[in-house]
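# A closer look at the structure
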There are 2 protein chains.
Amino acid sequence: MTNERPLILITNDDGVAAKGINELAACLRDLGDIVVFAPDGSRSGMSSAITSTLPIKYSLRRKEEGLTVYSCTGTPVDCVKLALNEVLDRMPDLLVSGINHGGNMAICVNYSGTMGAAAEGCIFRVPSLGVSLLDQSADADFSESCRLGRRVAELVLRDGLPDGTYLNLNVPKLPRVKGLKVCRQTDGRWTREFKRSENAAGEPVFWLTGSFERSSDEPDDDLLALDNGYASLVPCKIDVTDYDFKARMEGYEFI
Amino acid sequence: MTNERPLILITNDDGVAAKGINELAACLRDLGDIVVFAPDGSRSGMSSAITSTLPIKYSLRRKEEGLTVYSCTGTPVDCVKLALNEVLDRMPDLLVSGINHGGNMAICVNYSGTMGAAAEGCIFRVPSLGVSLLDQSADADFSESCRLGRRVAELVLRDGLPDGTYLNLNVPKLPRVKGLKVCRQTDGRWTREFKRSENAAGEPVFWLTGSFERSSDEPDDDLLALDNGYASLVPCKIDVTDYDFKARMEGYEFI
């Protein structure tokens, strides 16, 4: 660390104009210099998608003391890659993705563009955190999620994170949480996932919807904490190798 | 298991017309009834992206004894969800995604639509396998990757996989591999990721490119096996919780 103020990169998947990212930037401003580099519109459900067959662009939208805002035509992961490769003059001390309009607990971490961006920061060895509020409305009240996101951001700036680990913070829709619990990712999946309707030509089309069905019931499940009025914080790994099963497979006769 | 032949769902991210998926379907045909349900064009780099704001459609392209082929307007994960929720009359005994034109070793598992589809099958408790050949050309020779993919598919049909674990098979571009090694996901990241050029209006645009820089050097790294002429097989987990760091974080005073 030099004497410079910390550099904090902020992105999201709801787009640069969303309330959640703007409230996040405002509440982190006194912790460091903020660069917002976010998609130019909604990229929900983009996971870690990258744009490999089309070019992407970015543009400066606003610059004032301690805050610079860019928008980009790409996915959340494209935003992180472009900011780190081409735009920032040094590596950030922290990446925060969010605050997402809607929860990213349990298996949602797999589909979420918010969490895809946090994972990408982690791949670049930038301590990275995703923050989501369990309220999808455009005018959601982000004050409690800002308070908690800022607190975790301060701790990550102070202590860092292990290489290859990033954080997933989810905050229930409550004026004040009961506390913050360190959790595991609840096991489960979405069911009854499609609503069938018709397009103008009378052909069947399918809209993604569905409800979450949990398969685990552990005291440290993130969903349980959220149901009980706590914020949940799940540390996540980039390395998805299943080392236990790997050891068992080594006895296989493959070919 | 009933007396029915196994049902095998095949998908990919290169699209239903790609050589890799058609060779895969052909080489698995005698193992069971095959349903191909794949994107209508390339969806490379789509990771586990889902289509949440637009409707998706599918159509039957071909049906013959033991082989039914559909194409879908969605992402690879949309394909798996739609097939399992709306199209198949029972859960498949196996999902195979691929054979991808290009490798998905190391961190590529994070960005790959091929592996996103395999993960999605796993979330649905379908034993799932992604297969990739380290050759991006449209007319690549898939014979060795078919031989190995078929062999692993047979083992998975016979023995199943643990809940929450799916397989990532990569095959080097060789007429015959030296063998198959069970591996871990090599640590590393892409660097020098963008090629800058100009659009028609003279504005700078950025094309994703880059080269992979490894950060680990372990004897069981998948990249090492591939470099040495072996196919690599990495068992991957849906649960990304970092349990070690979770235990350390439980002492934190968050709020």
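Above this text you will find the structure in question.
Structure report, in brief. (Residues numbered from 1 in each chain as written. Chains lettered and ligands numbered in written order. Predicted model: local features only at pLDDT ≥ 70, side-chain atom pairs only at ≥ 80, totals over all residues. Heavy atoms only, no water.)

### Here we look at the nonpolar core
Cut-off, in case you're wondering: The nonpolar core is taken to be a set of buried Ala, Val, Leu, Ile, Met, Phe, Trp, Tyr and Cys residues, with the residues joined through side-chain atoms within 4.5 Å. Only protein chains enter the calculation, and the probe is 1.4 Å; a residue is then buried if its accessible area is under 20% of its type maximum, exposed if over 50%, and partly exposed in between. Should any heavy atoms of two residues lie within 4.5 Å, those residues are considered in contact.
Counting 76 residues, the largest nonpolar core has Leu9, Phe37 and Tyr166 of chain A together with Leu9, Phe37 and Tyr166 of chain B as the members making the most contacts within it. Each residue touching Phe37 of chain A, except ones within four places of it in the same chain, is listed here: Leu9, Ile10, Thr11, Tyr58, Tyr70, Cys72, Cys79, Leu82, Ala83 and Val87 of chain A.

### Considerations on the side chain of Thr186 of chain B
Residue and element names in this part refer to chain B. The cut-off we apply is this: Runs of E in the DSSP output that reach at least two residues are strands. Runs of H or I that reach at least four are helices, and both are numbered from the N terminus.
Here Thr186 lies in the loop between strand S8 (180-182) and strand S9 (188-191). We classify Thr186 as buried; its relative accessible area is 1%. Those residues in contact with Thr186, other than ones at most four positions away along the chain, are Ala106, Ile107, Arg214, Ser216, Asp221, Asp222 and Leu223.

### Let's talk about the sheet that holds strand S4 (residues 67-72) of chain B
All names here are of chain B. Heads up, the condition is: Pairing between strands requires that DSSP locate at least two bridges from one strand to the other. Angles shown run from 0 to 180 degrees and are taken between the N-to-C directions of axes, each axis being a line fitted to C-alpha atoms and, for helices, limited to the stretch in contact.
Strand order in the open sheet formed by 9 strands is S3-S4-S2-S1-S5-S6-S7-S13-S8, with mixed pairing between adjacent strands. The open sheet has two free edges, formed respectively by strand S3 (58-64) and S8, since each of these has just one partner strand. Taking each pair of neighbouring strands and ignoring which way they run, the sheet shows an average axis angle of 20°. Along the sheet face, helix H1 (residues 19-28) touches strand S1 (7-11), strand S2 (33-39), S4 and strand S5 (94-101) and points at about 140° away from the line of S5.

### Digging into the relation of the copies chain A and chain B
We count it as follows: We place the copies in one frame by least squares, fitting the C-alpha atoms of every residue whose pLDDT is at least 70 in both.
If you rotate chain A by 180° and push it 0.0 Å along the axis, it lands on chain B with an RMSD of 0.0 Å. On this basis, the relationship between the two copies can be described by a two-fold rotation axis.

### Side note on the pairing of strand S11 (residues 204-208) of chain B
Sheet topology places strand S10 (residues 194-198) of chain B next to S11 of chain B; 5 bridges connect them, and they run antiparallel. Paired with Arg196 of chain B across the strands is Phe206 of chain B, a residue of S11 of chain B.

### Digging into the interface of chain A and chain B
Note the threshold: Simply put, the buried area is the total loss of 1.4 Å probe accessible area from both parts when two parts are fitted together. Any carboxyl oxygen of Asp or Glu that lies within 4 Å of a side-chain nitrogen of Lys or Arg is treated as forming a salt bridge with it. Polar contacts, as used here, are pairs of N or O atoms within 3.5 Å; protein pairs need one atom able to donate a hydrogen and one able to accept it. Residues neighboring in sequence count only if both atoms are side-chain atoms. Charged means Asp, Glu, Lys or Arg here, nonpolar means Ala, Val, Leu, Ile, Met, Phe, Trp, Tyr, Cys or Pro, and polar covers whatever is left, Gly included.
Taken together, the 83 residues of chain A in the interface contact 83 residues of chain B. Between chain A and chain B, the buried area comes to about 7100 Å², and carbon and sulfur atoms account for 62% of it. For the interface between chain A and chain B, the tally reads 8 salt bridges. Its salt-bridge partner being Asp187 of chain A, residue Arg125 of chain B comes within 3.0 Å of it at the nearest N-O pair. Along the contact surface separating chain A from chain B lie 43 residue pairs in polar contact (both at pLDDT 80 or more). Residues that form the side of chain A that touches chain B fall into these classes: 44 nonpolar, 16 polar and 23 charged.

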